[in-house]
Amino acid sequence: MASILFVCLGNICRSPLAEGVAAAFAMQNGKEVQLDSAGTGAWHIGNPPDSRSIAVAQSYGVDISRQKARQLQVTDFARFDLICAMDRQNLADIQALRAANSEASNHAEVRLLLDFAPDGIGQDVPDPYYGDGSDFLHVWTLVNQAMPSLFSALLGED
Ligand code: 4NP
């Protein structure tokens with residue numbers, strides 16, 4: 001089964017939302033994919049998503065409250081087909097982890113999430129951690145814009 005890992009810094013704000021949006025998109029479109037999320041940082045390991053991410057997802061009928069934060073592992077490069085970074089710093093950190101570990105697999109393709117959004121090429125999903133509810137809603141909107149092309153690219157469809 002095709003697989004996607006969404007990666008941000010803390011794995012409590014953006015990537016849990018992206019995982020939830022992707023799960024909802026897959027369900028609504030009858031696609032089977034394996035989904036997960038992780039953070040490049042270790043601060044929030046084991047924690048649920050930020051309450052503001054849970055709230056914005058809940059307002060669209062998506063429950064992300066049972067996710068638990070984890071840190072990106074070298075083994076993720078073998079486990080996932082696609083690793084989607086939320087911003088360019090995440091992308092650089094993911095690539096640095098791969099470069100620093102000679103045992104890291106070449107399997108996963110590592111991309112910026114918004115490379116899949118119309119007009120989003122090279123753009124970041126901004127970190128909403130120090131923002132307010134509108135910043136989390138913006139994350140929700142941006143992540144949704146990437147889904148159709150992301151799934152088409154992953155599943156090799158139009
Ligand atoms: P995320 O947001 O990367 O979207 O999960 C953040 C969460 C926590 C921190 C930074 C960003 N932090 O510094 O603890």
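Everything here concerns the structure above.
Residues numbered from 1 in each chain as written. Predicted model: local features only at pLDDT ≥ 70, side-chain atom pairs only at ≥ 80, totals over all residues. Heavy atoms only, no water.

(A) Summary view of the pattern of salt bridges. Here the structure, examined in full by the defined rule, presents 9 salt bridges. With its nearest N and O atoms 3.0 Å apart, the salt bridge here joins Asp-36 to Arg-70. Placement of Asp-36 in strand S2 (residues 34-39) and of Arg-70 in the loop between helix H2 (51-59) and helix H3 (76-79) is noted, with a sequence separation of 34 residues between them. Residue Arg-111 pairs with Asp-115 through a salt bridge whose shortest N-O separation is 3.8 Å. Using a relative accessible area of 26% as the deciding quantity, one classes Arg-111 as partly exposed. (Salt bridge = Lys/Arg side-chain N within 4 Å of Asp/Glu carboxyl O. Helix = DSSP H or I, 4+ residues; strand = E, 2+ residues; numbered from the N terminus. Buried < 20%, exposed > 50% of the residue type's maximum accessible area, 1.4 Å probe, protein only.)

(B) Fine view of the sheet that holds strand S1 (residues 3-8). The strand order S2-S1-S3-S4 describes an open sheet built from 4 strands, whose pairing is parallel. The sheet is open, and its two borders are formed by S2 and strand S4 (109-112), each paired with just one other strand. Averaged over all adjacent pairs, the angle separating strand axes in this sheet is 25°, with direction ignored. As judged from the 4 bridges shared by strand S3 (residues 82-85) and S4, these two strands associate in the parallel manner. Within S4, the residue paired with Ile-83 across the bridge is Val-110. (Pairing = 2+ DSSP bridges. Axes fitted to C-alpha atoms, helices over the stretch in contact; angles between N-to-C directions.)

(C) Main features of the packing of aromatic side chains. On inspection of all chains with the given rule, the structure shows 3 aromatic pairs. Judged by centre distance (4.8 Å) and plane angle (40°), the ring pair of Phe-25 and Phe-151 falls under tilted. Of the two residues, Phe-25 is situated in helix H1 (residues 14-29) and Phe-151 in helix H5 (residues 133-155); the sequence distance between them amounts to 126 residues. Phe-25 gets classed as buried once you look at its relative accessible area, which sits at 18%. Relative to Trp-140, the ring of Tyr-60 lies with its centre 4.7 Å away and its plane at 10°, an arrangement referred to as stacked. Placement of the pair is Tyr-60 in the loop between H2 and H3 and Trp-140 in helix H5, with a sequence separation of 80 residues. Residue classification places Trp-140 among the buried positions, given a relative accessible area of 8%. (Phe/Tyr/Trp six-rings, centres within 6.5 Å; stacked < 30°, edge-to-face > 60°.)

(D) Up close: the packing of H2 against H5. Remark: H2 packs on H5, axes separated minimally by 9 Å, with the N-to-C direction vectors making an angle of 55°. The pairing of H2 with H5 is recorded here as oblique in orientation. Here H2 runs over H5; the crossing is right-handed. Residues Arg-52, Ser-53, Val-56 and Ala-57 of H2 form the contact with H5, whose participating residues are Phe-136, Leu-137 and Trp-140. Partitioning the contact of H2 with H5 into residue classes produces 5 nonpolar, 1 polar and 1 charged. (Parallel < 35°, antiparallel > 145°, perpendicular 65-115°, else oblique. Left-handed = near helix turned anticlockwise from the far one by under 90°. Contact = heavy atoms within 4.5 Å. Nonpolar A, V, L, I, M, F, W, Y, C, P; charged D, E, K, R; others polar.)

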